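Letter by letter, the chains look like this.
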2 protein chains.
Amino acid sequence: MAVKRVKKGATKTPGAGDLPTPSAPGVELDLLDDIVGYRLRRAQVVVYQDYLRTVGSQDIRPSQFAALTIIASNPGLSQTALATTMGIDRSGAVILIDALEDKGLAMRVPSPVDRRTHAIMLTAQGQATLVRLKELVTEHDRRVTAMLSEDERVQLNTLLLRLYQES
Amino acid sequence: MAVKRVKKGATKTPGAGDLPTPSAPGVELDLLDDIVGYRLRRAQVVVYQDYLRTVGSQDIRPSQFAALTIIASNPGLSQTALATTMGIDRSGAVILIDALEDKGLAMRVPSPVDRRTHAIMLTAQGQATLVRLKELVTEHDRRVTAMLSEDERVQLNTLLLRLYQES
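A. Local environment of the overall build of chain A. Of the regular secondary structure elements, chain A holds 7 helices and 2 strands. Each of the 167 residues in chain A was classed as buried or not, and the buried ones make up 38%. In chain A, the proportion of contacts linking residues at least 24 apart, taken out of those at least 6 apart, comes to 47%.

B. Structural detail: the packing of helix α3 (residues 62–73) of chain A against helix α4 (residues 79–86) of chain A. Residue and element names in this part refer to chain A. Where α3 meets α4, the axes come as close as 11 Å, and the angle between the chain directions of the two elements is 125°. Here α3 is positioned oblique relative to α4, judged by the angle of their axes. Remark: the crossing between α3 and α4 carries right-handed chirality. Where α3 approaches α4, its residues A66, A67, I70 and I71 are matched on the opposing element by L82, T85 and M86. Class assignment for the residues of the contact of α3 with α4 results in 6 nonpolar, 1 polar and no charged.

C. Representation of the environment of T117 of chain A in the model. If you trace the backbone, T117 of chain A turns up in the loop between β1 (106–110) and β2 (118–122). You can call T117 of chain A buried: it has 21 C-beta atoms within 10 Å.

What counts as what
- Residues numbered from 1 in each chain as written.
- Chains lettered and ligands numbered in written order.
- Predicted model: local features only at pLDDT ≥ 70, side-chain atom pairs only at ≥ 80, totals over all residues.
- Helix = DSSP H or I, 4+ residues; strand = E, 2+ residues; numbered from the N terminus.
- Buried ≥ 20, exposed ≤ 12 C-beta atoms within 10 Å, placed from the backbone.
- Contact = placed C-beta atoms within 7 Å.
- Axes fitted to C-alpha atoms, helices over the stretch in contact; angles between N-to-C directions.
- Parallel < 35°, antiparallel > 145°, perpendicular 65-115°, else oblique.
- Left-handed = near helix turned anticlockwise from the far one by under 90°.
- Nonpolar A, V, L, I, M, F, W, Y, C, P; charged D, E, K, R; others polar.

Geometry only, nothing functional implied.
Written as structure tokens, this is what we have:
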């Protein structure tokens, strides 16, 4: 092709945009700069990478950690209540609990209020594992938000909640 | 373990936590309430679901939309510059550009500054597709943030940027 592009790519200092800096100076983002979804995804990737580094060795996915925490705080809750709380389908909650059962961390027992349903509880191993996980996740979360003041962290948390609670 | 497995598909208990409300009132979230990573993921899921509904028919993933937008605003940029700008590995950028080439939306041309490298550009079809995509994505992004004031949306955007730009 006879396209001669001496413009943007070339006026840059030799490879200014090629430097491995997070911000890639000189590169235009156009409307991406104003798209919350784009920034959410970028932030999510960075946070997840740190999660993997910090908690990855425990072989517990973020959704599994969330489920363990919710079950521990609400022992005996139903699969449907877990699904609703986590914003996932009931079938997704079933898969999640299956995985936690396989790891020996949670168990289904007949519900004391309705024997046709399950109540979910942590096993002793699940409770012990969660203690360690909470330390790691808290450490991880503080690190990925270390550039924010406490007020800003709360502000971010509040705004994020509204995105999914009022949707 | 002598846990009796009652039928998996059994109906739910008539509990408050079982109601299909996003907030699942009465269920304790414990430290999840204070974990930015948890809220990021929840918000991300809701935003992505709306993206699929709005833009899904175009068969363009969010990362592909981001790449198209960046290429359009920086025609001739290198694969490395694209990777850096998007916060992904160079190998990830190669896969991304391959996919856009397969769809006929972008192309690699020899770089005018260094013939050993590629400059990436949109095809005419890519440019036309992007016009439509930008409308859809803007509409989508406004809808998923409709519960925020303009100030709050900017605030959220600013805080999210700091999470990945200063990490």
